[in-house]
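# Fold and contact review
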Amino acid sequence: MNYDSMIRDIYPKIDGINFCHSYKELKEYMMCFKRNGYITNEKQKTKIINTLFDGLSDGKVQKRIHQYLDEIISGWIRQSFSTNKDVSIDHPIINILLIGGEGYIGNVISEKLLLDGHAVTSFDNLLYKNNLSPLNHIHHPGYKFVFGDMTDGQKIEKLIVGFDVVILLAGLVGDPITKTYPKVAGLINDEGVKNVIDLCAKQNIEKFIFISTCSNYGLIEKDELAHENFDLNPLSLYAKSKVNAEKYILSLKDKTNMHPTILRFATAFGLSPRMRFDLTVSEFTRELAMSKELLVYDAHTWRPYCHVQDFSRLIQMVLEAPKEKVAFEVFNAGGDVNNTTKQKIVD
């Protein structure tokens, strides 16, 4: 087999970024895929190999990779492809653009949507050097990754054409980072988000799902539950940006054929291929598992929590709902069962 010809002839699954910088890295990636049953036929191997080759120019490294590919193909060519996950599709396939698809929550949502038989294009700038995140789904025929920044209006405008659904997850998330980099936060969380909203409205995207936050309610002094019509009192720069985006989306009613839905996510927890350990449950779990001293601030403050898998199921519910039922609606994403304090989590 002529590998040079194979790589030239097949279009990259991943656009715009090089993931492989050394033979050692490639070997680690390939062994990971083998363990998970992803590289088991020629077509799948070719797609993944092509991805990892993207942008690689070191001739000596290429030669060693070719030698290793010989080992792979000679050893695995007789295996048949199986992800060990049977997908029964009894609904129309939806073409989905997930902006911010490689983050902590986005990665899990991508997996859920792909398993449900939909086509997912993940758009992400991999800000936190999570360059391996797209490889979690690269084996799936319905998945594509596009590297880019949502502040790049021209790229977004070209990209969104033809999608049934756009889900906007991207942004600088949380109070600490937005407080540290307020100008960058404004560029991303205000200008970038508004730009995406405008372009989706212009394209009359069938369903636009905007991920907001429960932090919009601020600190509630009394023993009250915040319903969707509860007064908003954003305290952080991050929450203020989300509130502004919500108001702007709702102001577009009767001005566009786009059907937007706003989901106010509770604080996330649960496992993800792209973990975050700055969130309460994950942070506490890691510190205790590593036998470290755990410092708990504001131990008796109540917060809503929601598992990342439940967020994924909520997204699926919005996708399946008649657009008239969810258009220009706001929904809290969480449940009373997971409203708790930090002290209770520790206990």
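Note: the structure precedes this text.
Just so it is clear, the structure is predicted and the values come from calculations on it, not from any experiment. Sequence order sets the numbering: in each chain, residues are counted from 1 along the sequence as written. Residue-level local features of this predicted model are given only where pLDDT is at least 70; pairs of side-chain atoms are given and counted only at 80 or more, and the full residue set underlies all totals for whole chains, interfaces and linings. Note: side-chain values were computed over all heavy atoms of the structure, leaving out hydrogens and water.

Moving on, we get to the environment of G192. Runs of H or I in DSSP of at least four residues are treated as helices and runs of E of at least two as strands, each being numbered from the N terminus. When you line up the elements, G192 lands in helix α8 (residues 182-202). Separated by 42 residues in the primary sequence, G192 and M150 place their C-alpha atoms 5.8 Å from one another. Residues count as neighbours in contact if any of their non-hydrogen atoms are within 4.5 Å of one another. The residues contacting G192, other than those within four sequence positions of it, are M150, T151 and L187.

Count 3.6 residues to each turn of an α-helix, and residues three or four apart come out pointing the same way. Helix span is expected to be 1.5 Å times the residue number reduced by one. Compared with an ideal rise of 1.5 Å per residue, which puts 13 residues at 18 Å, helix α11 (residues 308-320) spans 19 Å between its outermost C-alpha atoms and is within 8% of the ideal. Categorising residues by exposure relies on relative accessible area from a 1.4 Å probe, with only protein chains included: less than 20% of the type maximum marks a residue as buried, more than 50% marks it as exposed, and the intermediate range marks it as partly exposed. Within the sequence span of α11, burial applies to V308, F311, S312, L314, I315, Q316, V318 and L319.

With that settled, the discussion passes to unusual backbone geometry. Although it is not a glycine, N204 adopts a positive phi angle of roughly 55°. Following the sequence through the fold, N204 ends up in the loop between α8 and β6 (207-213). The residue D254 is not glycine, and still its phi comes out positive at about 70°. For D254, the location among the structural elements is in the loop between α9 (237-250) and β7 (260-265).

As a further point, take the packing of α8 against α9. The geometry of α8 relative to α9 is characterised by a closest axis approach of 10 Å and an angle of 15° between their N-to-C directions. By the angle between their axes, α8 is roughly parallel relative to α9. Of the two possible hands of crossing, α8 and α9 adopt the one that is right-handed. Note on element contacts: α9 touches α8 through L237, Y238, S241, N244, A245, Y248 and I249, opposite P182, A185, N189, D190, V193, K194, I197 and D198. When its residues are assigned to classes, the contact of α8 with α9 shows nine nonpolar, three polar and three charged. Axis definition: a line fitted to C-alpha atoms, limited for helices to the stretch in contact. Angles are taken between N-to-C directions and run from 0 to 180 degrees. An angle counts as roughly parallel when it lies under 35 degrees, as roughly antiparallel when it exceeds 145, as roughly perpendicular when it falls between 65 and 115, and as oblique in every other case. Put simply, a crossing is left-handed when the front helix is turned counterclockwise from the back one by less than a right angle, and right-handed when it is turned clockwise. Gly is placed with the polar residues, together with every amino acid not listed as nonpolar (Ala, Val, Leu, Ile, Met, Phe, Trp, Tyr, Cys and Pro) or charged (Asp, Glu, Lys and Arg).

Here we come to the packing of aromatic side chains. Centres within 6.5 Å make a pair out of two Phe, Tyr or Trp rings, where for Trp the six-membered ring is used; the pair is then stacked when the planes are under 30 degrees apart, edge-to-face when over 60, and tilted otherwise. Under the criterion given, the structure shown has two aromatic pairs. Taking 6.2 Å as the distance between ring centres and 80° as the angle between the ring planes, the aromatic pair formed by Y217 and F230 counts as edge-to-face. Taken together, the residues Y217 in the loop between β6 and α9 and F230 in the loop between β6 and α9 connect sequence positions 13 residues apart. F230 shares its class with Y217; the two are buried. Measuring from ring centre to ring centre gives 3.8 Å for F265 and F311, while their planes differ by 5°; the resulting arrangement is stacked. Taken as a pair, F265 in strand β7 and F311 in helix α11 lie far apart in primary sequence, 46 residues in all. For the pair shown, F265 and F311 are each scored as buried.

This paragraph deals with helix α10 (residues 280-289). Regarding α10, the residues found buried are T280, S282, F284 and E287. Immediately downstream of α10, the backbone of S291 shows phi near 55°, a positive value.

Within a regular strand, side chains alternate between the sheet's two faces. Burial runs high along strand β3 (residues 119-124): five of the six residues are buried. Think of it this way: DSSP has to see at least two bridges between two strands before they count as a pair. Pairing analysis gives five bridges linking strand β2 (residues 95-99) to β3, with the strands arranged parallel. In the strand pairing of β3, N95 is matched with A119. Every crossover in which the path from the first strand over the helix to the second runs clockwise, viewed with the strands pointing away from the viewer, is termed right-handed. Considered for its hand, the β-α-β crossover made up of β2, helix α5 (residues 104-115) and β3 is right-handed.

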